[in-house]
Amino acid sequence: MGTLQKHFLAVACLLTLFALQAAAADRPQIKPGFNLFSRQQDVDLGRQAAAQTDRQLPIVRDAFLENYINRLGRRLASYSQAPDFPYTFKIVRDKNINAFALPGGPVYVNTGTIAAADNEAELAGVLAHEISHVALRHATNNASKAMLAQFPLAILGGMTRSGSALSQLARMGLGFGANSVLLKYSRDAERQADLQGARIMYDAGYNPDLMAVFFQKLEAKDRGGSIQFLSDHPNPGNRVQAVRQEEARLGPPKPWVNDTADFQQAKELVSSINQQSGPNRQSDSSRPAPR
Ligand SMILES: [Zn+2]
């Protein structure tokens, strides 16, 4: 390599470095609230709750669908703030539009949600939002707030050290099953999940707008709180506007790939599953009954 080429390479490297630094500066780390749990406790709690959820909910067993949702979900999770959690993705046979995530990685999405999405980007938006709750550890932040409210002195006294947080949680009756109040998020948590979700969408090559557009579509369909997804993930206010503001900071539009043949095949499959499962039962929420 000639001297001139070496100089050119050095300048190109520097420019790339500056560009990366600028991108990082535009993206301040999203900081969720305090947490009394360790990351490993998030994973342990999620595994226990997922074992229970898998017994209670009708999980779709179809090689194509299982492979598709895991491929899509894991690719999205790799762009999150915490890509190292052991994420898993499962489809629940339920026409109601819902999705939820347990601490530490397990994510569930209903057949109804996939059927309601018009393209892969809309489904990716729901998954990116759920992944963000996991990555930002909103569930154990919720649990920490609940514990602090109930046992402030015990916590100040260090009762939660050495792994006893889990047993305390159980004593307080704060389970982490899919129906847990701990998975009903605050407006702050929703705002953060939208923000991080938009970043994931952008980095994965989807138009981040479509995440907000899908939520808007659901709101338009919602009749008196009939859509569980919206009651568990309330609009923090100006959802679409906030996502668009974040987009402006993310960078220029890319040649988005918002849909794939695999998504359309998945949508056809879940639609036939939904038809097989008969008329929608209103009381049949997408979550197991509270214990
Ligand atoms: Zn949410």
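Refer to the preceding data block for the structure.
Note that the structure is a prediction, hence the values are computed from the model and not measured. (Residues numbered from 1 in each chain as written. Predicted model: local features only at pLDDT ≥ 70, side-chain atom pairs only at ≥ 80, totals over all residues.)

With respect to the packing of helix α9 (residues 187–204) against helix α12 (residues 239–250)
Selection criterion: Note on method: axes are straight lines fitted to C-alpha atoms, helices fitted across the in-contact stretch only, with angles between N-to-C directions ranging 0 to 180 degrees. Working definition: helices are DSSP H or I runs of at least four residues, strands are E runs of at least two. Numbering for both runs from the N terminus. Note on angle classes: values under 35 degrees are labelled roughly parallel, values over 145 roughly antiparallel, values of 65 to 115 roughly perpendicular, and the remainder oblique. What makes a crossing left-handed is the near helix being turned counterclockwise from the far one by less than a right angle; a clockwise turn instead makes it right-handed. Contact definition: two residues whose C-beta atoms, as placed from backbone geometry, lie within 7 Å.
In the contact formed by α9 and α12, the axes pass within 10 Å of each other and the chain directions differ by 45°. Considering the angle they form, α9 stands oblique to α12. For the crossing formed where α9 meets α12, the hand is right-handed. Side by side, α9 and α12 meet where Arg191, Asp194, Leu195, Ala198, Arg199 and Tyr202 of the first sit next to Arg239, Ala242, Val243, Glu246, Glu247 and Leu250 of the second.

Remarks on the sheet that holds strand β1 (residues 88–92)
Inclusion rule: Strands were regarded as paired on the criterion that DSSP finds at least two bridges between them.
Ordered by their spatial adjacency, 3 strands build an open sheet running β1-β3-β2, and the pairing between neighbours is mixed. Edge strands, defined here as strands with exactly one partner in the open sheet, are β1 and β2 (99–101). Across the sheet, the axes of successive neighbouring strands diverge by a mean angle of 15°, strand direction being ignored. In this structure, β1 lies alongside strand β3 (residues 106–110), joined through 5 bridges in parallel fashion. Bridge pairing links Ile91 to Val109 in β3. Strand contacts of helix α3 (residues 63–77): β1 and β3, with the helix running at about 135° to β1, the strand carrying the most contacts.

Looking at α12
Definition in use: Given the number of residues in a helix, its expected span is that number minus one, multiplied by 1.5 Å.
For α12, built from 12 residues, the straight-helix expectation of 16 Å at 1.5 Å per residue is met to within 8% by its first-to-last C-alpha distance of 17 Å. Gly251, located one to two residues past α12, shows a positive phi value of around 135°.

Notes on the nonpolar core
For clarity, the cut-off: Here, a nonpolar core denotes buried Ala, Val, Leu, Ile, Met, Phe, Trp, Tyr and Cys residues that are linked to one another through C-beta atoms within 7 Å. Field definition: a residue is buried when 20 or more other C-beta atoms are found within 10 Å of its C-beta, exposed when 12 or fewer are, and partly exposed for counts in between, with C-beta atoms placed from the backbone.
Among the nonpolar cores identified, the biggest contains 66 residues, and Leu76, Val109, Ala124, Leu127, Ile131, Met201 and Met211 are the most heavily contacted of them. Take this core: its biggest share by element is 9 residues, from helix α5 (residues 120–135). Residues contacting Met211, with those up to four places away along its chain left out, are Gly125, Ala128, His129, Gly197, Ala198, Met201 and Val243.

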